[in-house]
Each structure stands twice: as structure tokens, then as C-alpha cells.
Amino acid sequence: MAFNVLVVDDSAVMRQMVVRTLKMSGLPLGTVLEAGNGEEGLFVLQDQWVDLLLLDINMPVMNGEEMLRRIRANPETEQLPVIVVSTEGSETRLAFLHELGASIVHKPFAPETLRDNILRVTGVTDVEYYGSVPVPDDGGDF
Amino acid sequence: MVRSLSQTTAATFEDLALLFPDADLTPEQDAMPLDVTVSVDFRGPLTGRLVLRASECVMPAIASNMLGEDESKQVPLQRDALGELANVICGNVLPNIGGAEAVFHLAAPRVHSLGETLSRDEDAPKARATFGVEAGRVEAQLFVFGESDAFAHVAASGA
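Computed from a predicted structure; not experimentally measured.

1. Re the interface of chain B and chain A
Taken together, the contacts link 26 residues of chain B with 18 residues of chain A. For the pair chain B and chain A, the two sides together bury roughly 1900 Å², of which 54% comes from carbon and sulfur. It is B:Leu16, B:Leu67 and B:Glu84 that lose the most area in chain B upon contact with chain A, and together they represent 25% of the buried surface on that side. Scanning the region where chain B abuts chain A turns up one salt bridge. Note that B:Glu84 and A:Lys107 form a salt bridge whose closest N and O atoms lie 3.5 Å from each other. The tally of links from chain B across to chain A stands at ten residue pairs in polar contact (both at pLDDT 80 or more). At the level of elements, helix H1 (2–17), helix H3 (59–67), helix H4 (75–98) and strand E3 (105–106) of chain B are the ones that each hand at least two residues to the side of chain B that touches chain A.

Spelled out as C-alpha cells, the structure:
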């Protein structure tokens, strides 16, 4: 199975870094889509099938928190695996994001950290480049 | 606050740009101008601005390490890469000074032209950290605006 991934971040630099990490992760990739804010991201989700969302929080127009709230309120996307990739440090906000079923990767991140989160969230355990990655049987973040 | 800014700046450059800032600058690094300036405004329990400045000669290494060799010569991407570093530094410093529960909103990074005024006349940076990087230097400054009441509250809480 190839995964279609949507990367939502207002920084083109960060989107590029995330996409580079995705390509090195060993995850079988389908289409990698990009959006510059939450509103653009929701438009993409209306038109394209997406298996994994990598989401920033602080963005103009619509932030990641609002986008995630709308995704969970939509029956078509309520189960979508989401990894928040953000500098967010507020425990209040992080707790809310966890409640909405998001996994959190804190910026700055080591590529291995993002890769391990991606593999855990997607459940991929047999990757071409890095070999088998242990997936903890703790129910994950979802 | 100075220590938090210093540690966060160093860690961000190491983790994101794969560069290793040194707080002990060589005379050559110290003499290099800070040609490029980006800033990130924030609001929340405290309102202010994180300013990050770098020598021009450091920029290709930042872009190359963050984006790959092909992009390292494109000036706009070099600026964007520095802006993202500022964004990450800002996001990581604020919980240290505002408290773990505080929610801050960060604006998108802005690139400033040479000579542009970055702070209001009466403001001095609350913290400043300078490092030698490659053949040049980088400097992070944290400005807190209108801080009298809010800052006293945060400081009293021990954040």
C-alpha cells in the first residue's frame, strides 16, 4: 500500500524538510501533497484521498488546531492519522491536541524522531531502508 | 531568560541546521557583519519579537543543511531557512519565560531589509545571545513589549 501524505505548514522550508524526511523514512509513498495553512489543507482533503496528515499549528488564515478540530468533526476524516509537527510548548494546547488524537513531534526534530512517529502512526513495520521498526502495542495516540 | 535564549538558539542550530554554534567567537567571527535579519512577532501573556541576525557567509550553510545542496545558493530560500530557525527558537523560548500553560500565537517570520528599525525606540532586548557559526556569527535578540504588568506576573511565578 502506498500512502498519500498531506503536509500543512506555512513555511515552504519546513514543508521541504518534512518531505525530505518522508522520502527517507522508508514509508511507501504515493502522492505527497502540500498546503500553506489549515484552510488550504481542508480544500485538499475535499479533493484528494489522504492517509496521513503532518500538521503545523501556528499558521495564518486557519491554524492547525482549528483544522484538526474540523477534521475530527467530519465523518469522512475523523479517523485520519495526524502528526502535529510544531514548536508548540503550551501544555494546555498540547493536551487538547492529544485529546483530538494527534501525535506530537516537537520542532526542532531529528529526522529519526519524525520517521519513527510516522512509522508508528501508520503501523508500517517493514521498511526498505531502515529495517524493521518496533511498534509499541500501546494503542498509539489514536 | 538569557540562558534560555542562548541554549535554545544553540540547540535549534544544531538540530535543524546541523551547525554547531560556539559562544566563544574568534576575532575574525566577531568582526563579521550581521547582514541578514529576520524576526518573529508573538502575542499571548507576553507580547514581543524574536530577532535573529546572521552574517551573509553563514547563509549558504544554513540553507544547504536544511534544504539540500541545490537550494543553498538561492537567496530567498536562504532567508526563509533563517526565518524558520527564528520561528523555532521563538516557539521554544516562550514556554520557558511565559510558563508551560501559557498559549502564545506566533506570526510568520519576516525578512528585514538592511537598516530597517526592528524595535520601538524605547525598547531594549530583554535577552541577547551571540554565537560564532562557520566563518561568521549569528545573534538572537528577544524583545518584550509593554511588559510591565504581564512580565512582573510571569517573573513572580518563577517562569
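2. Thoughts on the confidence of the model for chain B
Residues and elements named next belong to chain B. In the predicted model, chain B carries a mean pLDDT of 86, and the fraction of residues at 70 or more is 86%. Here residues 152–159 is a poorly scored stretch, pLDDT under 50, and it has nine contacts once near neighbours within four places are set aside; other chains count. Among the prediction metrics, the complex's ipTM stands at 0.75, with pTM recorded as 0.83.

3. A word on the pattern of salt bridges
All names here are of chain B. Going through the model one piece at a time under the given rule, you end up with 15 salt bridges over all chains. For Glu139, the salt bridge is made with Arg128, and the minimal N-O distance between the two is 3.4 Å. Here Glu139 is found in strand E6 (residues 136–145), whereas its partner Arg128 is found in strand E5 (residues 127–133), with eleven residues between them in sequence.

4. Details of the pairing of strand E1 (residues 3–8) of chain A
Here is the key point about a regular strand: its side chains alternate between the two faces of the sheet. Residue and element names in this part refer to chain A. Of all six residues that make up E1, six are buried, and the element is covered over most of its length. Alternating residues of E1 divide into Phe3, Val5 and Val7 and Asn4, Leu6 and Val8, and every residue in both groups is buried. As paired strands, E1 and strand E2 (residues 29–35) are joined by five bridges and run parallel to one another. For Val5, the partnering residue across the bridge sits in E2 and is Val32. Remark: the E1/helix H1 (residues 12–24)/E2 crossover connection has right-handed handedness. In this sheet, strand E3 (residues 52–55) lies alongside E1 in parallel orientation, the contact comprising four bridges. Paired with Leu6 across the two strands is Leu53, which belongs to E3.

5. Some remarks on the packing of aromatic side chains
Residue and element names in this part refer to chain B. According to the stated counting rule, one finds two aromatic pairs over all chains in the structure shown. Seen in terms of ring centroids, Phe42 and Phe104 are 6.0 Å apart; in terms of plane orientation they differ by 80 degrees. Their pairing is edge-to-face. One end of the pair, Phe42, is in strand E1 (residues 36–43); the other, Phe104, is in the loop between H4 and E3, with 62 residues separating them in the sequence. Overall, the relative accessible area of 2% leaves Phe42 in the buried class.

Basis of the calculations
Residues numbered from 1 in each chain as written. Chains lettered and ligands numbered in written order. Predicted model: local features only at pLDDT ≥ 70, side-chain atom pairs only at ≥ 80, totals over all residues. Heavy atoms only, no water. Contact = heavy atoms within 4.5 Å. Buried area = accessible area lost by both parts, 1.4 Å probe. Salt bridge = Lys/Arg side-chain N within 4 Å of Asp/Glu carboxyl O. Polar contact = N/O pair within 3.5 Å; in protein donor to acceptor, adjacent residues only side chain to side chain. Helix = DSSP H or I, 4+ residues; strand = E, 2+ residues; numbered from the N terminus. pLDDT = per-residue confidence, 0-100. Buried < 20%, exposed > 50% of the residue type's maximum accessible area, 1.4 Å probe, protein only. Pairing = 2+ DSSP bridges. Right-handed = clockwise from strand over helix to strand, strands pointing away. Phe/Tyr/Trp six-rings, centres within 6.5 Å; stacked < 30°, edge-to-face > 60°.

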